[in-house]
Amino acid sequence: MTRADPVGVIAGLFASDGLQDYLGEAVTQQAHLLQSGMLAERAGTPDALVAAALLHDVGHFTGVISGQGLMRGTDNRHGEVGARWLGQWFGPEVTEPVRLHVAAKRYLVAVEAGYAAALSPASVYTLSVQGGPMSRAEVAEFEVTPYAGDAVRVRRFDDAAKDPVATTPGFDHFRPCLGRLLRE
Ligand code: FE
């Protein structure tokens, strides 16, 4: 498992940091991400979106401020951190939805009636740390940001991927998908 084997590096994170609880939810980080990737795959989305859904929270693993720090009230900017880390190996079609998935939550809270009410308590809490609902100006800016639509799709898989009894494939199931997306 070396830098030359990025999928192996990511698999290692899933098997180590990934076993921690997912921030205030009834699933581990690993289970959350596998569920999210599976939901994207079942929805028939392209490889890049399956990968983004699978990897959207790696910034909680790799960031200087951990996910636990976020839950104590410090924004760990895990979308940015994760996207930068993934950018070593993947293009913007993967990294941008990851980078924007927190913004997508702030966007959906602002524009979609009923969205906030359906969020989990932990997600409502982190919303406050992450800046709360977008202003109208922020909404307008987000809507013209490249990959914003993909980020919203990832966000919906993220929100739905908190089922404590869901069964998912293991990480290995996603290796071919990730392999197809690696940059030369
Ligand atoms: Fe998530």
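Here the structure is a predicted model, which means the values were calculated and not measured.

Basis of the calculations
- Residues numbered from 1 in each chain as written.
- Predicted model: local features only at pLDDT ≥ 70, side-chain atom pairs only at ≥ 80, totals over all residues.
- Heavy atoms only, no water.
- Helix = DSSP H or I, 4+ residues; strand = E, 2+ residues; numbered from the N terminus.
- Buried < 20%, exposed > 50% of the residue type's maximum accessible area, 1.4 Å probe, protein only.
- Phe/Tyr/Trp six-rings, centres within 6.5 Å; stacked < 30°, edge-to-face > 60°.
- Axes fitted to C-alpha atoms, helices over the stretch in contact; angles between N-to-C directions.
- Parallel < 35°, antiparallel > 145°, perpendicular 65-115°, else oblique.
- Left-handed = near helix turned anticlockwise from the far one by under 90°.
- Contact = heavy atoms within 4.5 Å.
- Nonpolar A, V, L, I, M, F, W, Y, C, P; charged D, E, K, R; others polar.
- Salt bridge = Lys/Arg side-chain N within 4 Å of Asp/Glu carboxyl O.
- Arc of directions from axis to C-beta.
- Polar contact = N/O pair within 3.5 Å; in protein donor to acceptor, adjacent residues only side chain to side chain.

Participant: I'm lost on the environment of Gly-131 in this one. Help?
Facilitator: Within the secondary structure, Gly-131 sits in the loop between helix H10 (121–129) and helix H11 (136–143). Looking at Gly-131, the relative accessible area reads 49%, which means it is partly exposed. Counting along the chain gives 28 residues from Gly-131 to Ala-103, while the straight-line C-alpha distance between them is 9.1 Å.

Participant: I tried to follow the packing of aromatic side chains on my own but got confused; where do I start?
Facilitator: Two numbers describe a pair of aromatic rings. These are the distance of the centres and the angle of the planes. Per the counting criterion, the structure on display carries 4 aromatic pairs. On the basis of an interplanar angle of 85° and a centroid distance of 6.3 Å, the ring pair of Phe-14 and Phe-61 is categorised as edge-to-face. With Phe-14 in helix H1 (residues 6–15) and Phe-61 in helix H4 (residues 58–62), this residue pair connects regions lying 47 residues apart in the sequence. When the ring of Trp-85 is compared with that of Trp-89, the centres are 4.9 Å apart and the planes differ by 85°; the resulting orientation is edge-to-face. Trp-85 sits in the buried class, given a relative accessible area of 16%. Its relative accessible area of 9% is what places Trp-89 among the buried residues. Here a set of aromatic residues connected by ring pairs shows up, and it is made of Phe-14, Phe-61 and Phe-171.

Participant: Can you help me understand the packing of helix H8 (residues 101–111) against H11 in this one?
Facilitator: Each pair of packed helices can be described by the angle between their axes along with the distance between the axes. Look at H8 against H11: their axes get within 10 Å of each other, and the N-to-C directions meet at 120°. Classed by the angle they form, the pair H8 and H11 counts as oblique. For the element pair H8 and H11, the recorded crossing hand is left-handed. Along the contact surface, H8 presents Ala-103, Ala-104, Arg-106, Tyr-107, Ala-110 and Val-111, while H11 presents Glu-138, Val-139, Phe-142 and Glu-143. Class assignment of the residues belonging to the contact of H8 with H11 gives a composition of 7 nonpolar, no polar and 3 charged.

Participant: Hey, could you run me through the pattern of salt bridges in this one?
Facilitator: Opposite charge on two side chains permits pairing when their charged atoms draw close. Applying the stated rule across the entire model yields 10 salt bridges. The partner of Lys-162 in a salt bridge is Glu-25, and the shortest N-O contact between them spans 3.2 Å. Here Lys-162, found in the loop between helix H12 (148–160) and helix H13 (175–181), pairs with Glu-25, found in the loop between H1 and helix H2 (29–42); they are 137 residues apart in sequence, far enough to count as distant. As far as burial versus exposure is concerned, Lys-162 and Glu-25 are alike and both buried. Residues joined in a network through salt bridges with shared partners are Arg-77, Glu-80, Glu-96 and Arg-99.

Participant: In this structure, what is going on with helix H6 (residues 78–86)? I would like to understand it.
Facilitator: Since there are 3.6 residues in each turn of an α-helix, residues three or four apart along the chain are aligned in direction. Across the 9 residues of H6, 7 count as buried, placing the element largely inside the fold. Of all the positions in H6, only His-78, Gly-79, Val-81, Gly-82, Ala-83, Trp-85 and Leu-86 are classed as buried.

Participant: How should I be thinking about the environment of Phe-157 in this particular structure?
Facilitator: Mapped onto the elements, Phe-157 comes out in helix H12. For Phe-157, a relative accessible area of 12% puts it in the buried group. Counting along the chain gives 14 residues from Phe-157 to Glu-143, while the straight-line C-alpha distance between them is 19 Å.

Participant: Would you take a moment to explain H10 for this structure?
Facilitator: Taken together, the buried positions of H10 are Ala-122, Ser-123, Thr-126, Leu-127 and Val-129. The arc enclosing the buried residues of H10, seen along the axis, measures out at 155°, which places them on a common side. Away from its buried face by more than 90 degrees, H10 exposes Pro-121 and Ser-128. Remark: Gly-131 follows H10 within two positions and exhibits a positive phi of approximately 115°.

Participant: Hey, could you run me through the side chain of Thr-126 in this one?
Facilitator: Checked against the element boundaries, Thr-126 lands in helix H10. Of the polar contacts made by the side chain of Thr-126, one reaches the backbone oxygen of Ser-123; its length is 3.2 Å. For Thr-126, the contacting residues outside a window of four places in its chain are Leu-70, Met-71 and Lys-105.

Keep in mind these values describe shape, not function.
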